[in-house]
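These are the residues of each chain, in order.
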Amino acid sequence: MADATFCPPDLTVFCRLDDLGLVVVGQRVSATGAVLVCRVVELHDDGFCRRCGAHGTARDSVTRRLAHEPFGWRPTTLLVRVRRYRCAGCAHVWRQDTTRAAEPRSRLSRAALRWALVALVVGHLTVARVAEALGVAWDTANDAVLAEGHRVLIGDPTRFNAAAVIGVDEHVWRHTRRGDKYVTVIIDLTPVRDGSGPARLLDMVAGRSKQVFASWLAARPKAWAGGIEVVAMDGFTASSPRPSRSCPTRSR
Ligand SMILES: [Zn+2]
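Residues numbered from 1 in each chain as written. Predicted model: local features only at pLDDT ≥ 70, side-chain atom pairs only at ≥ 80, totals over all residues.

### Digging into the overall build of the chain
- Within the chain, the regular secondary structure consists of seven helices and nine strands.
- Here the chain, with 252 residues, has 31% of them falling under the buried criterion.
- By sequence separation, contacts in the chain at least 24 residues apart represent 52% of the contacts at least 6 residues apart. (Helix = DSSP H or I, 4+ residues; strand = E, 2+ residues; numbered from the N terminus. Buried ≥ 20, exposed ≤ 12 C-beta atoms within 10 Å, placed from the backbone. Contact = placed C-beta atoms within 7 Å.)

### A few points about the pairing of strand β4 (residues 74–87)
- In this sheet, β4 lies alongside strand β2 (residues 34–40) in parallel orientation, the contact comprising six bridges. Considered in β4, the bridge of Val35 is made with Thr77.
- Of the strand pairs in this sheet, strand β3 (residues 56–71) and β4 are connected by 13 bridges, and their pairing is antiparallel. In the sheet register, Asp60 faces β4, and the bridge partner there is Arg84.
- Between the end of β3 and the start of β4, which pair antiparallel, lie two residues, with Gly72 showing a positive phi angle near 65 degrees. (Pairing = 2+ DSSP bridges.)

### Examining unusual backbone geometry
- Its identity is not glycine, yet Ala91 carries a phi of approximately 70 degrees, on the positive side.
- Locating Ala91 in the fold gives a position in the loop between β4 and β5 (93–95).
- Look at Ala91 and you get exposed, because 11 C-beta atoms sit within 10 Å.
- Even without being a glycine, His124 presents a positive backbone phi close to 60 degrees.
- Within the secondary structure layout, His124 lies in the loop between α2 (110–121) and α3 (127–134).
- Taking the number of C-beta atoms within 10 Å as the measure of exposure, His124 has 14 and is therefore partly exposed.

### A short note on the nonpolar core
- Formed by 49 residues in total, the largest nonpolar core has its most connected members in Ala116, Val130, Leu134 and Ala141.
- No other element matches α2, which puts nine residues into this core.
- Here this core gathers at least three residues from each of two domains, domain 1 (11–109) and domain 2 (156–232).
- Ignoring sequence-local partners within four residues, the contact set of Ala116 consists of Val130, Leu134, Ala141, Ala144 and Val145. (Core = buried A, V, L, I, M, F, W, Y, C linked by C-beta atoms within 7 Å. Domains from an automatic or database assignment.)

### So, the environment of Val231
- Tracing the backbone through its elements, the reader meets Val231 in strand β9 (residues 229–232).
- Since 21 C-beta atoms lie within 10 Å of it, Val231 is described here as buried.
- Linking Val231 and Gly167, residues 64 residues apart in sequence, is a C-alpha distance of 4.6 Å.

### Brief notes about the packing of α2 against α3
- In contact at an axis separation of 10 Å, α2 and α3 are set at 150 degrees when each is read in the N-to-C sense. Classified by the angle their axes make, α2 and α3 are roughly antiparallel. For the pair α2 and α3, the sense of crossing is right-handed. Between α2 and α3, the contacting residues are Ala112, Ala116, Ala119 and Leu120 on the first element and Val127, Val130 and Leu134 on the second.
- Residue classes in the contact of α2 with α3 are distributed as seven nonpolar, no polar and no charged. (Axes fitted to C-alpha atoms, helices over the stretch in contact; angles between N-to-C directions. Parallel < 35°, antiparallel > 145°, perpendicular 65-115°, else oblique. Left-handed = near helix turned anticlockwise from the far one by under 90°. Nonpolar A, V, L, I, M, F, W, Y, C, P; charged D, E, K, R; others polar.)

### Considering the environment of Lys181
- Here Lys181 is to be found in strand β7 (residues 179–188).
- Sequence separation between Lys181 and Ala206 is 25 residues; the distance between their C-alpha atoms is 8.1 Å.

### A word on the environment of Ile187
- Mapped onto the elements of the fold, Ile187 is located in strand β7.
- For Ile187, a count of 23 C-beta atoms within 10 Å translates into the label buried.
- The spacing of Ile187 and Ala199 is twelve residues in sequence and 6.5 Å in space, taken between C-alpha atoms.
- In this view, Ile187 contacts Ile166, Gly167, Asp169, Ala199, Arg200, Leu201 and Leu202; residues no more than four positions away in its chain are not counted.

These results come straight from atomic positions and should not be treated as a statement about function.
As structure tokens, this is what we get:
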């Protein structure tokens, strides 16, 4: 290797699977998607019984299917081989720990969850496009993104503390026969104004009306809500796009 800043190609690292505690051991690439077979990297010996502590023996393995973040504009699917152990003492059966790769029972890898959330909130992709990119059903993508949004962003009780400027934007959440469903996204723009970092997601509220945002604002502590500046962003159908201390109003 002529340049010391390059290292040999590594599919595990390229697909950011080392962060998830996985190693790629096989691949199948087609025009419509890539499937990567992975094994779990054990940081500690997983072979001790969760019930009695005796050492178990490897019994067989099961395959956990996870949607991963898309590479090369096609879905990337992980087939994770998960070893199963059986306790010699109490006959308890357990699986290798895969919590670094995904939430329990999740069908999306942690990287896929983060990708989907950023795609939706920052990239303005619809849930349908996110689902297509991940190669999963609409409901799977929708449920996962909502849960992840609450877990990493909305679940943080300190998220309002430093906010001085918030942006309000609305997204089409789903196209339905009876019309579009909307979600109003509330973003902390203070780091952008201060030049200290990117915007942060504060909340997502179903609906698009002025009342939805007004009642959201009313539910916040008065001292906080009174001191913030509200900016209507792209999608929000406000009558006044300029920064305002009052609640934006819809033109329709
Ligand atoms: Zn046991």
